[in-house]
Amino acid sequence: MADNKSFANDTVKEFLVKLGSGEPTPGGGAAASLSSAMGASLLMMVANHTIGKAKYAEFEQLNIRIRDEAEVLLGRFIEGMDHDAEAFTKVSAAFGMPRKFSDIQVDRVSAVIEELRAAGRDIQDIDEEEGMTPELMDQIESGLKAVRSASIGEASVAAAKAPLAVMEDSVAALRLAVNMPGSSNANLLSDVLVATHCLSSGLLSAFYNVEANLPAIQRRDAALAQEMVEKAGALIMEGETLAAEVMKKAGK
């Protein structure tokens, strides 16, 4: 997405108005990224309010590391908002591809035949005397459906990888959060807890977006779909364990 169209350049109000509009993007995937982005930002804030304080001198390097790693994750969450929108746009375009012979404009039939051949479909030539035969129309329609299905599958893989990356980064941020109770500014413990909830929400929300793309991926590559399911499940479990540990350390 071009820099001038990036959600990172929106004000909070502009983004929320877009989110609530009838436009296809941003949607739930971008919202998941934003939730985790807020969590990473809060971890940075707590670390910044701890670094340099004599009371927490023994945890100085820990908080510097948390701040720096959270900043990297924040950048990835912000980029993830755009990545989700880009991936969804490609999925929508794939679903909008023609799948019936009647979907093709008459003057594009020859061009469509060449496009299908380029995609590996065996399509006969138009008969100069008979014109479009039922057999040729069936070949074209079969080709359209196959190419459309393949495009949907390919686009869905990218659309699942975007939120899966958000899940990975959310868990990485939760691994930072678990070190903060007792090691960071005690006056900001509530902010660590809020960060944890934001990250947990982003993690689960991103999972729903992975899950939404799995049926199309399953039809294209069952092994890849299963791999994604297992990876996402493991991330959910680790995230829940980490969040529970943060709460336990905070006495909640």
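Up top is the structure.
Notes on the structure in this doc start here. Everything numeric here is computed off the predicted structure, so don't read it as measured data.

### Looking at the overall build of the protein
- Helix and strand counts for the protein come out as 7 helices and 0 strands.
- When its helices and strands are written in sequence order, the protein yields α-α-α-α-α-α-α.
- Relative to the 2.2 N^0.38 estimate, which gives 18 Å for 252 residues, the radius of gyration of the protein is 24 Å and therefore markedly larger than a compact globule would have.
- Expressed along its principal axes, the backbone C-alpha trace of the protein runs to roughly 90 × 35 × 25 Å.
- For the protein, with 252 residues in total, the buried portion stands at 41%.
- Pairs at least 24 residues apart make up 77% of the contacts formed inside the protein by residues separated by at least 6 positions.
- As displayed, the protein offers around 13600 Å² of accessible surface, 53% of which is attributable to carbon and sulfur atoms.
- Considering the protein, the positive charge centre built from 24 side chains and the negative charge centre built from 37 side chains are found 9 Å apart.

### Describing the pattern of salt bridges
- Throughout the structure, instances matching the rule amount to 9 salt bridges.
- A salt bridge links glutamate 114 to arginine 117, with the shortest nitrogen-to-oxygen separation between them at 2.9 Å. One end of the pair, glutamate 114, and the other, arginine 117, are both in helix H4 (residues 109-118), 3 residues apart, so they sit about a helical turn from each other.
- Residue arginine 117 is classed as partly exposed on the basis of its relative accessible area of 27%.
- Here arginine 175 and glutamate 238 are joined by a salt bridge, their closest N and O atoms 2.8 Å apart.

### Things to note about unusual backbone geometry
- Here threonine 25 and proline 26 are connected by a cis peptide whose omega angle stands at 0 degrees.
- Within the element layout of this structure, proline 26 appears in the loop between helix H1 (12-19) and helix H2 (28-48).

### As for the packing of helix H6 (residues 189-220) against helix H7 (residues 222-249)
- Viewed as axis vectors pointing N to C, H6 and H7 meet at an angle of 170 degrees, and their least axial separation amounts to 10 Å. Taken as axis vectors, H6 and H7 run roughly antiparallel relative to one another. Facing H6, whose interface residues are Val192, Leu193, Thr196, His197, Ser200, Leu203, Leu204, Phe207, Leu214, Ile217, Gln218 and Arg220, H7 presents Ala222, Leu224, Ala225, Met228, Val229, Ala232, Leu235, Ile236, Gly239, Ala243, Val246 and Met247.
- Its residues placed into classes, the contact of H6 with H7 shows 18 nonpolar, 5 polar and 1 charged.

About the thresholds
- Residues numbered from 1 in each chain as written.
- Predicted model: local features only at pLDDT ≥ 70, side-chain atom pairs only at ≥ 80, totals over all residues.
- Heavy atoms only, no water.
- Helix = DSSP H or I, 4+ residues; strand = E, 2+ residues; numbered from the N terminus.
- Rg over C-alpha atoms; globule rule 2.2 N^0.38 Å.
- Buried < 20%, exposed > 50% of the residue type's maximum accessible area, 1.4 Å probe, protein only.
- Contact = heavy atoms within 4.5 Å.
- Areas by Shrake-Rupley, 256 points an atom, 1.4 Å probe, with all protein chains shown as cover.
- Lys, Arg positive; Asp, Glu negative; His and termini not counted.
- Charge placed at Lys NZ, Arg CZ, Asp CG, Glu CD.
- Salt bridge = Lys/Arg side-chain N within 4 Å of Asp/Glu carboxyl O.
- Axes fitted to C-alpha atoms, helices over the stretch in contact; angles between N-to-C directions.
- Parallel < 35°, antiparallel > 145°, perpendicular 65-115°, else oblique.
- Nonpolar A, V, L, I, M, F, W, Y, C, P; charged D, E, K, R; others polar.

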